[in-house]
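In case you want the letters, here they are:
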Amino acid sequence: MTATPPPLRFDPAYEQPEADEAAHIAALTDVFTRMSQTVAEAEGHAHRAVHAKGQGLLKAELQIFEGLPSELAHGLFARPGRHDALVRLSSPPAEQLPDSVSTPRAIALKVLDVEGQRLPGDEEQHTQDFLMVNGPAFSTPGVAGFLRSSKLLAATTERMPRTKKVISATLRTAEAALESVGGQSSTLKGMGGEPQRHPLGETYFSQVPYLYGPFMAKFSLAPVSPALQALHGQALASTDDTQREAVVAFFAALQEPAVWALRVQLCRDLAQMPLEDASVAWPEELSPWQTVAHLIVGQQAAWDPSASPQAEDKLAFAPWHTLAAHRPLGSINRARRVVMQASRTFRSGFNGCPIHEPDGHADDRFTS
């Protein structure tokens, strides 16, 4: 049996910006800002530029394990402990599409009351955010490809809702045929072919890398409790709010807390685990996932139509809300820093609602 190689220590030379990356990021910022403006003008309200539709907003607790090995005891995970947290379940794109247009599922985690050195210029001093999607790899290697696909998405924003439903159904059929022979396509899923499965049965991945103290890593959330594991692959009806309804029903009827494993995959070989090509899933046989904490969510109202949308307006989840020990790496993350800040600025200004980071506890001002 081959021994697992040690994790690689980060070297700044490992990050290699694309040619014309700054120009691509500026163009990407313009594309997403225009998408936000299109939706805001059509609906009278500004939403997030991506993952606009909230499917659940939850109070949670993150329990960091005791006795982690030295390669895992860094940053947020350097010491055992418990933190209040917020969880947002969502789906893209920039508009509030019916769930019958089936796109990837996403989860955002905000850990509260986090102490430690921040990045220069980081306006937040006490939160650590993680953003994940239900697939191990990003749809494009870097910013240039992301810009091309985003332009295609922007061209259909707030247009042809009925046609999008028909196209989504066709793409789901194609994706199901591909999965029946052991394959899958992130392109088909991103265009509307995501299988209509329960979002709480999915495993979520950061897709892009981050510092992990002196090392580099990706993150994942995987279902642990039996109630969550029983939802894996569970089909949902293709209705307008099928995801939100499923999430609300689950947490309303919950008897025991739902538990996810927060996992880390350390970079051990740059050739097979690149920092700058986000389309590559890092091989688990080379670097297995290791659990560093449990995310625990109890019974609650997962969505309140009279309160949750207003709570969402006050919140922002961003990978650059972070400890310096978990600085985002790679071109997609460098683009996110600029694009997501522009999105927050536009959303806050259009809605006349300042975005606040919660102080210390996930109290009722920020959740339903």
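Residues numbered from 1 in each chain as written. Predicted model: local features only at pLDDT ≥ 70, side-chain atom pairs only at ≥ 80, totals over all residues. Heavy atoms only, no water.

Under an unreviewed UniProt entry, the protein chain has the name Catalase and belongs to Stenotrophomonas chelatiphaga.

**Remarks on the pairing of strand S9 (residues 290-297)**
For strand S1 (residues 53-64) and S9, the ladder comprises four bridges, and the chain directions are antiparallel. From the neighbouring strand, Glu 61 faces S9, where its bridge partner is Ile 296. Bridge count for strand S8 (residues 258-266) against S9 is seven bridges, and the pairing is antiparallel. The residue bridging Val 264 from the neighbouring strand is Gln 290, located in S9. (Pairing = 2+ DSSP bridges. Helix = DSSP H or I, 4+ residues; strand = E, 2+ residues; numbered from the N terminus.)

**As for helix H8 (residues 331-351)**
Compared with an ideal rise of 1.5 Å per residue, which puts 21 residues at 30 Å, H8 spans 30 Å between its outermost C-alpha atoms and is within 8% of the ideal. Arg 337 marks where H8 bends most, by close to 25 degrees. Once H8 ends, the next one or two residues include Gly 352, with phi positive near 65 degrees. (Expected span 1.5 Å × (residues − 1). Bend = angle between axes of the 7 residues up to and from the residue.)

**Looking at the nonpolar core**
Counting residues in hydrophobic clusters, the biggest one holds 57 residues, and the most contacted among them are Leu 76, Phe 77, Leu 200, Tyr 212, Phe 251, Trp 260 and Val 292. Setting aside its immediate chain neighbours within four residues, Phe 251 contacts Leu 58, Leu 200, Ala 258, Trp 260, Val 297, Gly 298, Gln 299, Gln 300 and Ala 302. (Core = buried A, V, L, I, M, F, W, Y, C linked by side-chain atoms within 4.5 Å. Buried < 20%, exposed > 50% of the residue type's maximum accessible area, 1.4 Å probe, protein only. Contact = heavy atoms within 4.5 Å.)

**Some remarks on the confidence of the model for the protein chain**
Per-residue confidence for the protein chain gives a mean pLDDT of 86; residues scoring 70 or more make up 85%. Residue range residues 158-181 is modelled with pLDDT below 50. Its contacts to residues more than four positions away, or to other chains, number 47 contacts. Counting contacts from residues 187-192, a segment whose pLDDT is below 50, to residues more than four positions away or on other chains yields 21 contacts. (pLDDT = per-residue confidence, 0-100.)

**A short note on the side chain of Gln 196**
Looking at where Gln 196 falls in the secondary structure, it is placed in the loop between helix H4 (186-190) and strand S5 (204-205). In this structure Gln 196 comes out as buried when scored by relative accessible area, which is 8%. Among the polar contacts made by the side chain of Gln 196, one reaches the main-chain carbonyl oxygen of Asp 99 at a distance of 2.5 Å. (Polar contact = N/O pair within 3.5 Å; in protein donor to acceptor, adjacent residues only side chain to side chain.)

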